[in-house]
Amino acid sequence: MKTLFVIFIYFLQQCLTQSLQNIRVLYVNEEGNEVAEASVDVALTYIKKNNKLGINAEVTKVSGNRTDSTGLLESLCKVYNGMLEKNEPPHLVLDTTMTDLASETVKSFTQALALPTISSSFGQEGDLRQWRNIDDDEKKYLVQICPPADLIPEIIRKIVLQQNITNAAILFDHTFVMDHKYKSLLQNVATRHLISEIDTAKIEAQLQRLRSLDLVNFFILGTIDSIKLVLDAAQKNSYLNRKFAWHAITQDLGELKCNIKNGTILFVKPLVNANYQNRLGQIKTSYQLTAKPEIAAAFYFDFTLHALLTVRNMISDGSWQKTNATNFITCDDYDGKNAPKRIGLDLENALKKELQENQEPPTYGPFEIISNGISQMEFDMTMSLVDVRDGEPDKTTPLGTWTAGLNSNLSFLENGIMDKFTSALVYRVVVAEQIPFVFRDENSKKGYSGYCIDLMDKIGEVLRFEYEIQLATGNVFGNMDEQGKWNGLIKDLMDKKADIGLGSISVMAERENVIDFTVPYYDLVGITILMKVPRVPTSLFKFLTVLENEVWMCILAAYFFTSFLMWIFDRWSPYSYQNNREKYKDDEEKREFNLKECLWFCMTSLTPQGGGEAPKNLSGRLVAATWWLFGFIIIASYTANLAAFLTVSRLETPIESLDDLSKQYKIQYAPLNGSSSSTYFERMANIEARFYEIWKDMSLNDSLSDIERAKLAVWDYPVSDKYTKMWQAMKEAGFPSSLTEAAERVKASASSTEGFAYLGDATDIKYLEMTNCDLKPVGEEFSRKPYALAVQQGSPLKDQLNTAILQLLNRRELERLKEKWWTKNPNKAKCEQQENQSDGISIQNIGGVFIVIFVGIGLACITLAFEYWWYKYRKVSKVVTVQEAAVHPVPKNAFGVEGFGKQNRKDNFGRGEAFGKKPKEKFDTKVKPSQLFKGSRF
């Protein structure tokens, strides 16, 4: 009985064996792709154990190094030629090479020999260079299906676009291939990024190097262990604060593990499809599909299974034989032109058909066959925010899912759920100090204040970013040396040490060759001249300085001499009043020119009031007339000179332009050393020198005809050498090293006509004028250029900053900033208004006249007090006895003194006689006037 049972089993196996389809497979893998090799082995075991599939797979394996193209090709040809020698050519080339030379070698081999191939190599359309130009017939039997690890990195592009990320560092381990994604992953996205493989031995240094490139958004593609390694290194480098954003993307199904103290990670991992979970579990337990990552293992399992089922179906329905799929040539026979033609061998559609029949359900997700570079396995990724506290996940917040694909979008559970998960957008701003645009301020949060700081704050509000300030190398904007090398702020931008250059940066052509500028944020600013304010010396007694001291002394001497001479002439002339009283007794004016009267007469003769009664004698009158003529000339000369003197001091011819400055030699001038102003003058001098050389070469050219040479013959030099002379004068004067030094040199000038003048940006000079009453700008601006923000060349920030500046301009915010930092600047000095030439004489120059009045009034008051004391309190003198008149009594005057009538009081006491009848007796002429007051009521 037992023997019959054994015989029955034997015949049954023979029948089944005869019904199995032999499929010869040339399996090519690369070293390191253990997941594919293990999964293919599981698939072959599955096929072998499931005879209902009707496949007897005869697999020949070839493995090669990713970078050894020659060795792999030799191995392929050796195995392939051996199969042909046995008359057992492969039905199918099953290619699981991943990338680089190994993949391209297999593609070249299969395309050249027209071998039906199904490949799982990494790469999108056009990335497989050897299959890039295959024709339509070849596309039908050279089929590629992208593995999951080739699609998962595409979620980075979606996140970058969703979060508007401007910079990214992408790290990956051996489970991902990124060779072909360096350009394509973020192509046409305005994101500065760098893709680098994880250096497990030097991960901390690697992160520091990426941070030095100002990358703050990190994406980690790898296993759970690789993610932990990177996050732990980030914790040591203190890169888990709000300035950074971390994204962990893996093919593993485990939970996030890391030893960070406090951080939030965006964690992305595959989502197991519940519809195929039982199938996956069965394969894992029954056939030991245990390779990791699980999604990759499931993909290679289904990839192998469906590839063999497709070939079986084509052989079974006879389409394989009809398409010349049995014609092969060896590697040695191939000459580049004799490749077999596989007309009608449509392996791609046969694969689609087999998948639609669904004879074998998907293990992880269904395959979608479209075309090379697009075909894939369908699966989803789940996104969540994981809060890690003290090395343990504290809270997990689901965000949404993403269906893997090149054109799939993120699907969120709530709108705006990811808005809060982003790194604080912090740009590095490099500045060069220039008041009031940028200057140090210890009370400011950022350590700096100024017009540009306020401008950047407003731009940050518009574009929603923060910024850190760093001082430019050398605290200068930057100039190019003779070797074409830059320094300062420009070099920092070129070396990518900063994102934005901030300050009063002039837009210049040579700078635009190495960096980019935004639209101007400030008006055109040129170069102008700073000079000391001309100060007209003032004096209260300036009217005395019209004549020199010697002249005043001569006038004073002439005054006393003329007064004395007039007194002598009046005393000795027989025709004077005091020597001829009888003759002039009927005149109304009786004036005796004693020394006091002569002094008074000469003084009043110089005034519009006049001197009064002139001397009676001719000699005295000649002296008076001479004095009058002298006084007229002196007064006229003094009046004319006074007006001219007060005006000439305000009519000093100042420097009013650059031409005026260049034509004089008393005032030295120079710009700051290494500034854009000094560059301007140096270049203008070089241009003049070059023009001169050109003109000289033309004039001395022997090849010119006499007529042509005559046209070049001129008496004067045809090209100006103004800037050449100015540049030489600047070098002799010495260049100030700082704006403060320049201002001090200008202040130290002796006057506005000699000393030092500073040539610099008009804004610098405007600020110095605003804060110093001793300085002022002179002349019109020249070489005007706008101020703008600077960015790295090709930076996407340029367009963003342009938009923000234009918005601020439309909102008149820039005008408000000008008003704040210029009109209402707290450091603005309150200066006295300078005297204008059109103004009148100031009190500072004519005030001495009022002092003379006050002094005169004071002297008069003192004299009045003395007179009062003299006549009231002095010792009383004796009164001389006077005889009484015989006929007419003399009426008493108001003082009670007899002998003085109305007419008699007109003359001096003691020497007047009563008009009318002559009295018999008269007063003693020798009686003192004071004696007459004895007994009076005065």
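Keep in mind the model is a prediction, meaning the values are calculated, not measured.

### Quick notes on the sheet that holds strand E24 (residues 755–761)
Spatially, the 4 strands line up as an open sheet ordered E23-E24-E22-E25, and their pairing is mixed. On the outer flanks of this sheet lie strand E23 (667–670) and strand E25 (775–787), each paired with one strand and no other. Direction aside, the axes of adjacent strands within the sheet are offset by 20° on average. Note: strand E22 (residues 522–532) against E25, 7 bridges, orientation antiparallel. Paired with Ile529 across the bridge in E25 is Val778. The strands touched by helix H24 (residues 722–733) within the sheet are E23 and E24, with E23 carrying the most contacts at an inclination of about 95°. Each of E22, E23, E24 and E25 is contacted by helix H25 (residues 739–747), which is oriented at about 145° to E24, the strand it contacts most.

### Quick word on the pairing of strand E1 (residues 21–30)
Most of E1 is tucked away, with 8 of its 10 residues classed as buried. Bridging between E1 and strand E2 (residues 55–64) involves 10 bridges; their strand directions are parallel. Along E2, the bridge assignment pairs Glu30 with Gly64. The β-α-β motif built from E1, the intervening helix H2 (residues 34–49) and the parallel element E2 has right-handed crossover chirality. Pairing between E1 and strand E3 (residues 92–95): 4 bridges, direction parallel. Within E3, the position partnered with Leu26 by the bridge is Val93.

### Re the state of the cysteines
The final tally for this structure, using the stated rule, is 1 disulfide. Covalent S-S linkage joins Cys77 and Cys331, the inter-sulfur distance amounting to 2.5 Å. The sign of the -90° torsion about the S-S bond sets the Cys77-Cys331 disulfide as left-handed. Placement of the pair is Cys77 in helix H3 (residues 69–85) and Cys331 in the loop between helix H13 (319–322) and helix H14 (347–357), with a sequence separation of 254 residues. Looking at the unpaired Cys598, the closest cysteine sulfur is the one in Cys602, lying at 6.7 Å.

### Observations regarding the nonpolar core
Nonpolar side chains in soluble globular proteins tend to be buried together. In this structure, Ile118, Ile170, Phe219, Ile249, Leu266 and Phe379 are the most contacted members of the largest nonpolar core, which totals 91 residues. Each residue touching Ile170, except ones within four places of it in the same chain, is listed here: Ile156, Met178, Leu185, Leu186, Leu194, Ile195, Ser196, Phe219 and Leu221. Among the nonpolar cores identified, the runner-up in size contains 37 residues, and Val429, Val791, Ile805 and Trp822 belong to it.

### Description of unusual backbone geometry
In this chain, Lys292 is followed by Pro293 through a cis amide linkage whose omega measures 0°. Along the chain, Pro293 turns up in the loop between helix H11 (277–287) and helix H12 (294–316). Cis geometry marks the peptide bond from Ile435 to Pro436, where omega comes out at 5°. A positive phi angle is found at Ala114, which is not glycine, with a value near 55°. Looking at the secondary structure, you find Ala114 in the loop between helix H4 (100–113) and strand E4 (117–119). Classification of Ala114 by relative accessible area gives buried; the value is 1%.

### As for the pattern of salt bridges
Across all of its chains, the model carries 26 salt bridges by this definition. We note a salt bridge from Arg279 to Glu360, for which the minimum N-O separation is 3.0 Å. Taken together, the positions of Arg279 in helix H11 and Glu360 in the loop between H14 and strand E11 (367–368) put the pair 81 residues apart, joining distant regions of the chain. Using a relative accessible area of 10% as the deciding quantity, one classes Arg279 as buried. For Glu360, a relative accessible area of 4% gives the class buried. Two residues, Glu294 and Lys284, come together in a salt bridge whose shortest N-O distance is 2.6 Å. In this pair, Glu294 is assigned in helix H12 and Lys284 in helix H11, connecting sequence segments 10 residues apart. Its relative accessible area of 9% is what places Glu294 among the buried residues. The class for Lys284 is partly exposed, based on a relative accessible area of 30%.

### With respect to the packing of H2 against H12
Put simply, H2 and H12 touch, their axes get as near as 8 Å, and they point 45° apart. Between H2 and H12, the angle is such that the two are oblique. Two packed elements cross with a definite hand, and for H2 against H12 that hand is right-handed. Residues Val35, Ala36, Ser39, Val40, Val42, Ala43, Leu44, Tyr46 and Ile47 of H2 lie in contact with H12, whose contacting residues are Ala296, Ala297, Tyr300, Phe301, Thr304, Leu305 and Leu308. Residue composition of the contact of H2 with H12, grouped by class: 14 nonpolar, 2 polar and no charged.

### Considering H25
An α-helix turns once per 3.6 residues; consequently, residues spaced three or four apart project the same way. Of the residues making up H25, those classed as buried are Ala742, Ala743 and Val746. All buried residues of H25 lie within an arc of 95° about the axis, which places them on one face of the element.

### Here we look at the packing of aromatic side chains
To describe a pair of aromatic rings, you give the distance between the ring centres and the angle between the ring planes. Going through the model one piece at a time under the given rule, you end up with 33 aromatic pairs. Ring centres of Tyr680 and Phe681 lie 5.2 Å apart, and the angle between their planes is 80°; on these two criteria the pair is classed as edge-to-face. Look at Tyr680 and you get buried, because its relative accessible area is 18%. Classification of Phe681 as buried rests on a relative accessible area of 0%. For the ring pair Trp727 and Phe735, a centre distance of 5.4 Å and an interplane angle of 45° mean the geometry is tilted. With a relative accessible area of 14%, Trp727 lands in the buried category.

### Quick word on the side chain of Lys158
Looking at the secondary structure, you find Lys158 in helix H7 (residues 154–163). At 3.4 Å, the side chain of Lys158 forms a polar contact with the backbone oxygen of Ser408. Setting aside its immediate chain neighbours within four residues, Lys158 contacts Trp402, Leu406, Asn407, Ser408, Asn409 and Leu410.

### Quick word on the packing of helix H15 (residues 451–463) against helix H27 (residues 797–810)
One way to put it is that H15 packs onto H27 with a least axis distance of 9 Å and a crossing angle of 110°. With respect to H27, the element H15 is oriented roughly perpendicular. Seen from H15, the contacting residues are Leu455, Lys458, Ile459, Val462 and Leu463; seen from H27, they are Gln800, Leu801, Ala804, Ile805, Gln807 and Leu808. Of the residues that constitute the contact of H15 with H27, the class distribution is 8 nonpolar, 2 polar and 1 charged.

What counts, and where the lines are drawn
Residues numbered from 1 in each chain as written. Predicted model: local features only at pLDDT ≥ 70, side-chain atom pairs only at ≥ 80, totals over all residues. Heavy atoms only, no water. Pairing = 2+ DSSP bridges. Helix = DSSP H or I, 4+ residues; strand = E, 2+ residues; numbered from the N terminus. Axes fitted to C-alpha atoms, helices over the stretch in contact; angles between N-to-C directions. Contact = heavy atoms within 4.5 Å. Buried < 20%, exposed > 50% of the residue type's maximum accessible area, 1.4 Å probe, protein only. Right-handed = clockwise from strand over helix to strand, strands pointing away. Disulfide = S-S within 2.5 Å. Core = buried A, V, L, I, M, F, W, Y, C linked by side-chain atoms within 4.5 Å. Salt bridge = Lys/Arg side-chain N within 4 Å of Asp/Glu carboxyl O. Parallel < 35°, antiparallel > 145°, perpendicular 65-115°, else oblique. Left-handed = near helix turned anticlockwise from the far one by under 90°. Nonpolar A, V, L, I, M, F, W, Y, C, P; charged D, E, K, R; others polar. Arc of directions from axis to C-beta. Phe/Tyr/Trp six-rings, centres within 6.5 Å; stacked < 30°, edge-to-face > 60°. Polar contact = N/O pair within 3.5 Å; in protein donor to acceptor, adjacent residues only side chain to side chain.

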